[in-house]
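In case you want the letters, here they are:
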Amino acid sequence: MMRYLIPLFAFMILAAFLLVGLTLNPRQVPSPLIDKPAPVFQLNHLHEPEKVMASQDNLGKVWMLNVWASWCVACRDEHPLLVQLANSGIVPIYGLNYKDERTTAMQWLKRYGDPYTISIVDQDGKVGIDYGVYGVPETYVIDKKGIIRHKQIGPVTVDALQKTIIPLILELQKQV
Amino acid sequence: MKTLYMFKNYHHYDWISLRQMNKAKALILIYLLCLCIMPSIALSKEAVPVAEDPEVEKRMLALTMDLRCLVCQNESIADSRADFSNDIRREIRQQIKANKNDQEIIQFLVDRYGDFVLYNPPVKPTTVFLWFGPLALFIIGLGALVVYLRRRRVQIKEVTLSEAELKKVESLLNENKGKNV
């Protein structure tokens, strides 16, 4: 009896592995930057190009960095949520305008709403590489000490906000 | 003109012999090959060097051959035309020009994108199964095979036949002779 059951068990174990594999998303590559200091940058503002924002300016507060572009279709999906989140005043969102045209980007924000405390411009994608950006949109939650605590790959969803991002932000804001 | 004529009649097997058909096939093939090669000859004269420094380009290509494009995950950064790969190639070129060694450049990318960017992952506790799993499975299989063969050898015992049995075997064998079984 056993000799017939062994192949069956072996097959079931293999099938279980494959089944789990089906539910995984190969596009979600875990970032090695989680719990590491956020890469430092100094970038020009989108609306006032003569102004410069440094990432260190945000030390001492929890903030979100949202990587977006006007050519990015998925950004349009998440945008209403970001506007809502910004209006709620829970957390300041900074927009990293990634490899985009300044004028189209500004038009885009005018049309769909501007949730960003400050929009900064990453024209050649250099800062994007530092942050390990490989698709747009991506969103980072950065704590008071400037450590990356969470990376949302792809559009922010209601589910992700309610279950992960907002609880995490509230938790981080309690820290000194 | 001849090829064209033969091509026209290609599906009428009764019109031309098999030999002629093969000849026609060969001619068509040569004709098509010429068509394929000619534009590339013409183009190769106009091709411009990809980068100003072939030495940098060579090193960059050697490096990116073993790096995964995170957008089109089954392509290497060297092969991929994705924007992401363009940026990484540009970044690597700049770092080569800044006299960084290969180790430093790869570490730069691993720091940002993780081991996933490597087609050749390092041996780590999380990748032990990946590296040694196949070998372990092979050894288990080999062991199972040896055990199985040993057991079978015990089961199949050499049998010695008696004189009477041998005669019986012979007569049975002769019975079938001539029947061409």
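Residues numbered from 1 in each chain as written. Chains lettered and ligands numbered in written order. Predicted model: local features only at pLDDT ≥ 70, side-chain atom pairs only at ≥ 80, totals over all residues.

Visitor: Give me the lowdown on the overall build of chain A, citing residues and values where you can.
Guide: Within chain A, the regular secondary structure consists of five helices and seven strands. For chain A, the sequential pattern of α-helices and β-strands runs α-β-β-β-α-β-α-β-α-β-β-α. Here the C-alpha atoms of chain A give a radius of gyration of 20 Å, more than 25% beyond the 16 Å that 2.2 N^0.38 yields for 176 residues. Seen along its three principal axes, the alpha-carbon backbone of chain A occupies a region of about 80 × 40 × 30 Å. Per-residue burial for chain A yields a buried fraction of 35% across its 176 residues. A separation threshold of at least 6 residues defines the contact pool for chain A, and within that pool the share at least 24 residues apart is 73%. (Helix = DSSP H or I, 4+ residues; strand = E, 2+ residues; numbered from the N terminus. Rg over C-alpha atoms; globule rule 2.2 N^0.38 Å. Buried ≥ 20, exposed ≤ 12 C-beta atoms within 10 Å, placed from the backbone. Contact = placed C-beta atoms within 7 Å.)

Visitor: Provide a residue-level description of the overall build of chain B, including the pertinent values.
Guide: Secondary structure summary: chain B contains seven helices and zero strands in total. The order of helices and strands in chain B, counted from the N terminus, is α-α-α-α-α-α-α. Looking at chain B as a whole, 12% of its 181 residues qualify as buried. Considering only contacts within chain B whose residues lie at least 6 apart along the sequence, 39% involve residues at least 24 apart.

Visitor: Mind laying out the interface of chain B and chain A, listing which residues take part and the relevant values?
Guide: Taken residue by residue, the interface counts 11 residues in chain B and 12 residues in chain A. Split into classes, the residues belonging to the side of chain B that touches chain A amount to five nonpolar, two polar and four charged. (Nonpolar A, V, L, I, M, F, W, Y, C, P; charged D, E, K, R; others polar.)

Visitor: Describe in detail the nonpolar core, supporting the description with residues and values.
Guide: If you look at the biggest cluster of nonpolar residues, it comprises 54 residues, and the most contacted ones within it are Leu65(A), Tyr94(A) and Tyr140(A). For this core, the element with the most residues is strand E3 (residues 63–68) of chain A, which contributes five residues. (Core = buried A, V, L, I, M, F, W, Y, C linked by C-beta atoms within 7 Å.)

Visitor: Explain unusual backbone geometry to me, and be specific about the residues and the numbers.
Guide: Residue and element names in this part refer to chain A. Each neighbour pair has its own omega, and for Val-136 with Pro-137 the value is 0°, a cis peptide bond. With respect to the element layout, Pro-137 can be found in the loop between helix H4 (126–130) and strand E6 (138–142). The phi angle at Asp-35 is positive, at roughly 65°, despite the residue not being glycine. Mapped onto the secondary structure, Asp-35 falls in the loop between helix H1 (2–23) and strand E1 (42–44). A positive phi angle, near 45°, is found at Lys-99, a position not held by glycine.

Visitor: Provide a residue-level description of the sheet that holds strand E4 (residues 93–98) of chain A, including the pertinent values.
Guide: All names here are of chain A. Read from one edge of the open sheet, five strands run E5-E4-E3-E6-E7, paired in mixed fashion. Each having just a single partner strand, strand E5 (118–122) and strand E7 (148–153) make up the two edges of the open sheet. Here the average twist between neighbouring strands, direction ignored, is 20°. (Pairing = 2+ DSSP bridges. Axes fitted to C-alpha atoms, helices over the stretch in contact; angles between N-to-C directions.)

Visitor: Mind laying out the pairing of E4(A), listing which residues take part and the relevant values?
Guide: Residue and element names in this part refer to chain A. Most of E4 sits out of view: six of its six residues are buried. Alternating residues of E4 divide into Ile-93, Gly-95 and Asn-97 and Tyr-94, Leu-96 and Tyr-98, and every residue in both groups is buried. As paired elements, E3 and E4 share five bridges and run parallel to each other. Across the sheet, the residue bridging to Met-64 is Ile-93, located in E4. Remark: the E3/helix H2 (residues 73–88)/E4 crossover connection has right-handed handedness. Across five bridges, E4 lies against E5 in parallel orientation. (Right-handed = clockwise from strand over helix to strand, strands pointing away.)

Visitor: Account for the environment of His45(A), with residues named and values stated.
Guide: Residues and elements named next belong to chain A. Tracing the backbone through its elements, the reader meets His-45 in the loop between E1 and strand E2 (52–54). Classification of His-45 as partly exposed rests on a count of 15 C-beta atoms within 10 Å. Look past the residues within four positions of His-45 in its chain and what remains in contact with it is Lys-51, Met-53, Ile-118, Ser-119 and Ile-120.

Visitor: Tell me what's going on with the confidence of the model for chain B, and back it up with residues and numbers.
Guide: In the predicted model, chain B carries a mean pLDDT of 80, and the fraction of residues at 70 or more is 75%. Below pLDDT 50 for its whole length, residues 1–16 of chain B participates in 12 contacts with residues either more than four positions away or in separate chains. (pLDDT = per-residue confidence, 0-100.)

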